[in-house]
Amino acid sequence: MWLVIDNGGHAVKSGLPDAMRTAATEAHKAALEHARQQPKGPGPVDGNDRQQQADEEKRELAAAALRRAADSTVLTVPNCTARGKKDTRGGAVLVGQDTEKPPSDNEDVAGRLLFTRSLERGYLINLDTQQLVWEQTIERFDLSGAVTGLVLTTPAFVPQEIQTATEDLVRSNLGIKRLLTVHPAQLAARDADAGPFCIVVDAGFSFTHVVPLMDGRVFEQAVRRIDVGGKLLTNYLRELVSYGQVNLQDETQIVDVMKRQICYVSTNIDADLAALALLERQPGLPVRERIPLVDRHALEARFTRRYVLPDFQTIMEGYPLPPNTEPEEVLHLRDQMLALRGECFMVPELLFEPSNLGMRQAGLVQVIQDVVDLCPRELRPILRKNILLTGGSTLFPNFAKRLSNDLGDAYNVRHVPDPIRGVCMAGRHFAPAEVEQDQQTQNQPSAVGS
Ligand SMILES: Nc1ncnc2c1ncn2[C@@H]1O[C@H](COP(=O)(O)OP(=O)(O)OP(=O)(O)O)[C@@H](O)[C@H]1O
């Protein structure tokens, strides 16, 4: 049995290749069709309760089968382990999925958690952690001991030592005999049906990569990386909020959720910064020099995002307040509330201007232009018209619009259909000869159960 894993620094996305899901899907379809043909609504008037109950059970089975089919599309598991910060005796370790909701009755993992990620700076470094997360993934598919082949996404330029250690982990520790590595950009392009020549911009957790594909293959000498990804953006927001308002230094998870909910990309950064500066100058100006109240309110409404932090007693998850909420309505929440303005767009702005944080690197627009210029001249017009966006950090509102504006009319920018799970989804359609062969063998009656 083959498994497909898109091994992200933030999360492992996994699924079964299409060929292997076909039989299960067919069974689900048959169950649904059967249920559909059964009479609906009130039961038979002749009082045949048993028939009615049997039909009801079939309908429930079909619905459960459908839910399982949907669940098994792509499984997402955080690529980390965690232990309690106060745990000094090496107690329970939470793995992958369990790090999201630690059991409340286990004192080892009560309170704050210390996370260990399998990937550091985009490379698989912590092999023990990776093994635990992959084992959990395999278990979740109910496939312990049954996986014989792995399609694994691996970025370009992985040092040979890491490559060897990964292969060793797969073969020796997990007992998976066949390993097929593939660059995530190739799968993202498949997900978008982009054709053989395109440029994939992958802004995920660790970094942002700009990867040109020529004839479907990675054109390695032109690949470029910006050292900004979702992790850095979350940390930056955490610093800004902690110095400006509330200390959230130990609350990376909360800040990560907040970032996804309230940050956005400015489509005109100079104009937005000027308008914000004007707004912030107002209280210090003599009354006659202030802008009219109505304009001030309009600017306030445009730039201010109010966010309610969780207290884990009555509010379990943070949430943004709707823009038109009156202050009196939320008076009772004032100790839990943040008001953010420039932070909301200055955080994702790092992708476009890493020098804002003192990094000596070009921003996304410049890097894309450089990558195009490193490709063969005759292909550049095609590449410019086929820029694909993938990775969770491209999901900020206005991301594609800003990139498109800044790159100009010669470029065409679009998201892949599913920027987070698309790579894994395309991997499931990826049918290397070995996968097909493997499946054929499994389908032969003689091989069943052997
Ligand atoms: N709606 C969103 N808006 C902004 N950022 C988001 C959104 N959804 C997810 N992210 C960010 O995307 C990042 C995860 O993206 P993704 O799943 O593509 O990374 P990954 O594949 O695990 O990591 P990498 O590509 O670096 O190996 C996280 O930092 C998360 O905060």
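From a predicted model like this one, the values you see are computed outputs, not experimental measurements.

A.B. asks: Please clarify how the overall build of the protein should be interpreted in this entry.
C.D. replies: The secondary structure content of the protein amounts to 16 helices and 19 strands. Relative to its full complement of 450 residues, the protein shows a buried share of 45%. In the protein, 69% of the contacts between residues at least 6 apart in sequence involve partners at least 24 apart.

A.B. asks: Can you walk me through the nonpolar core in this structure?
C.D. replies: Across soluble globular proteins, you tend to see nonpolar side chains buried next to one another. Ranked by size, the top nonpolar core spans 56 residues in total, and within it M258, L364, I368, F399 and L403 carry the most contacts. In terms of residues, this core owes the most to one element, helix α12 (residues 364–373), which gives 6 residues. Structurally, this core is a two-domain feature, drawing no fewer than three residues from each of domain 3 (184–247 + 354–419) and domain 4 (248–348). The contact partners of F399, leaving out residues within four places of it in the chain, are V265, L351, F352, L364, L389, S393 and T394.

A.B. asks: How should I be thinking about the site of the ligand in this particular structure?
C.D. replies: In the region of the ligand, 19 residues are neighbours, and G9, H10, S206, D256 and K259 sit closest. At 2.9 Å, a side-chain N or O of D256 approaches an oxygen atom of the ligand. One of the side-chain nitrogen or oxygen atoms of K259 is found 2.9 Å away from an oxygen atom of the ligand. When the free accessible area of the ligand is taken as 650 Å², the share hidden by the protein chains comes to 87%. Elements supplying a minimum of two residues to the shell around the ligand: β2 (11–15), α6 (230–244) and α7 (252–262). With 3 residues, the single largest contributor to the shell around the ligand is α7.

A.B. asks: Any chance you could explain the side chain of T234 here in plain terms?
C.D. replies: Structurally, the position occupied by T234 is in helix α6. Excluding anything up to four places from it in sequence, T234 contacts T252, V255, D256 and K259.

A.B. asks: I'm lost on the sheet that holds strand β16 (residues 319–320) in this one. Help?
C.D. replies: Note on sheets: strands pair through backbone hydrogen bonds, and any given pair is parallel or antiparallel. Across the sheet, which stays open at both edges, the 3 strands sit in the order β16-β15-β17 with antiparallel pairing between neighbours. Every interior strand has two partners, whereas the edge strands, β16 and β17 (337–340), have only one. As paired strands, strand β15 (residues 305–308) and β16 are joined by 2 bridges and run antiparallel to one another. Considered in β16, the bridge of V308 is made with Y319.

A.B. asks: Would you mind showing me how to read the environment of V95 here?
C.D. replies: Relative to the elements of secondary structure, V95 occurs in strand β5 (residues 94–95). A sequence separation of 12 residues divides V95 from R83, and the C-alpha atoms of the two residues are 9.0 Å apart. Among residues more than four places away in sequence, those in contact with V95 are C80, T81, L132, V133 and Q136.

A.B. asks: Where do I start with helix α15 (residues 422–429) in this structure?
C.D. replies: One full turn of an α-helix is made of 3.6 residues, so residues set three or four places apart face in the same direction. Judged by how many residues are buried, α15 sits mostly within the fold: 7 of 8 residues are covered. The complete set of buried residues in α15 reads G422, V423, C424, M425, A426, G427 and R428.

A.B. asks: How should unusual backbone geometry be read in this particular structure?
C.D. replies: The general pattern is negative phi for most residues beyond glycine and trans for most peptide bonds. Within the chain, R121 stands out as a residue other than glycine whose phi angle is a positive 50°. In this structure R121 comes out as exposed when scored by relative accessible area, which is 57%. A positive phi is found at D193, a non-glycine position, where the angle reads about 55°. Of note, D193 is situated in the loop between α5 (184–191) and β11 (198–203). Classification of D193 by relative accessible area gives exposed; the value is 70%.

A.B. asks: Even after reading the chapter, I still don't get the pattern of salt bridges, so can you show me in this structure?
C.D. replies: Two side chains with opposite charge may pair up if their charged atoms get near one another. Tallied over the full model, the rule gives 11 salt bridges. Between R238 and E239 there is a salt bridge whose closest N-O contact spans 3.6 Å. Its salt-bridge partner being R341, residue E280 comes within 3.5 Å of it at the nearest N-O pair. Residue E280 is found in helix α8 (residues 269–281), and its partner R341 is found in the loop between β17 and α10 (343–346); the two are separated by 61 residues along the sequence. What makes E280 partly exposed here is its relative accessible area of 47%.

A.B. asks: What exactly am I supposed to notice about the packing of aromatic side chains here?
C.D. replies: Taken as a whole and assessed by the stated rule, the structure comprises 3 aromatic pairs. For the ring pair Y264 and F345, a centre distance of 5.9 Å and an interplane angle of 55° mean the geometry is tilted. On the criterion of sequence distance, the pair formed by Y264 in the loop between α7 and α8 and F345 in helix α10 is long-range, its members being 81 residues apart. The exposure class of Y264 is buried, given its relative accessible area of 11%. Judged by centre distance (5.6 Å) and plane angle (55°), the rings of F352 and F399 are tilted. Of this pair, F352 sits in helix α11 (residues 349–352) while F399 sits in helix α14 (residues 399–407), placing them 47 residues apart in sequence. For the pair F352 and F399, one class covers both residues: buried. Members of the aromatic cluster, each reached through a chain of ring pairs, are Y264, F303 and F345. Residue placement shows R225 over the ring face of F207; its charged tip is 4.0 Å from the ring centre. The ring of F352 carries R402 above its face, with NZ or CZ at 4.4 Å from the centroid.

A.B. asks: Please explain the side chain of T208 as it appears in this structure.
C.D. replies: Relative to the elements of secondary structure, T208 occurs in strand β12 (residues 208–214). A polar contact of 2.7 Å, which involves the side chain of T208, links it to the backbone oxygen of V228. Setting aside residues no more than four positions away along its own chain, T208 makes contact with V201, D202, A203, R224, R225, I226, V228, L351 and L364.

A.B. asks: Before we go on, may I ask you to explain the sheet that holds β2 in this structure?
C.D. replies: Strand order across the open sheet formed by 5 strands is β3-β2-β1-β9-β10, with mixed pairing between neighbours. Every interior strand has two partners, whereas the edge strands, β3 (75–78) and β10 (178–182), have only one. Taking each pair of neighbouring strands and ignoring which way they run, the sheet shows an average axis angle of 20°. Here 5 bridges tie strand β9 (residues 149–153) to β10, and the two strands are oriented parallel to one another. Its bridge partner being in β10, V151 is matched across the sheet by L180. Packed onto the sheet, α15 meets β1 (2–7), β2 and β9 and runs at close to 155° relative to β1.

Calculation rules
- Residues numbered from 1 in each chain as written.
- Predicted model: local features only at pLDDT ≥ 70, side-chain atom pairs only at ≥ 80, totals over all residues.
- Heavy atoms only, no water.
- Helix = DSSP H or I, 4+ residues; strand = E, 2+ residues; numbered from the N terminus.
- Buried < 20%, exposed > 50% of the residue type's maximum accessible area, 1.4 Å probe, protein only.
- Contact = heavy atoms within 4.5 Å.
- Core = buried A, V, L, I, M, F, W, Y, C linked by side-chain atoms within 4.5 Å.
- Domains from an automatic or database assignment.
- Near = heavy atom within 4 Å.
- Polar contact = N/O pair within 3.5 Å; in protein donor to acceptor, adjacent residues only side chain to side chain.
- Areas by Shrake-Rupley, 256 points an atom, 1.4 Å probe, with all protein chains shown as cover.
- Pairing = 2+ DSSP bridges.
- Salt bridge = Lys/Arg side-chain N within 4 Å of Asp/Glu carboxyl O.
- Phe/Tyr/Trp six-rings, centres within 6.5 Å; stacked < 30°, edge-to-face > 60°.
- Lys NZ or Arg CZ within 6 Å of the ring centre and 35° of its normal.
- Axes fitted to C-alpha atoms, helices over the stretch in contact; angles between N-to-C directions.

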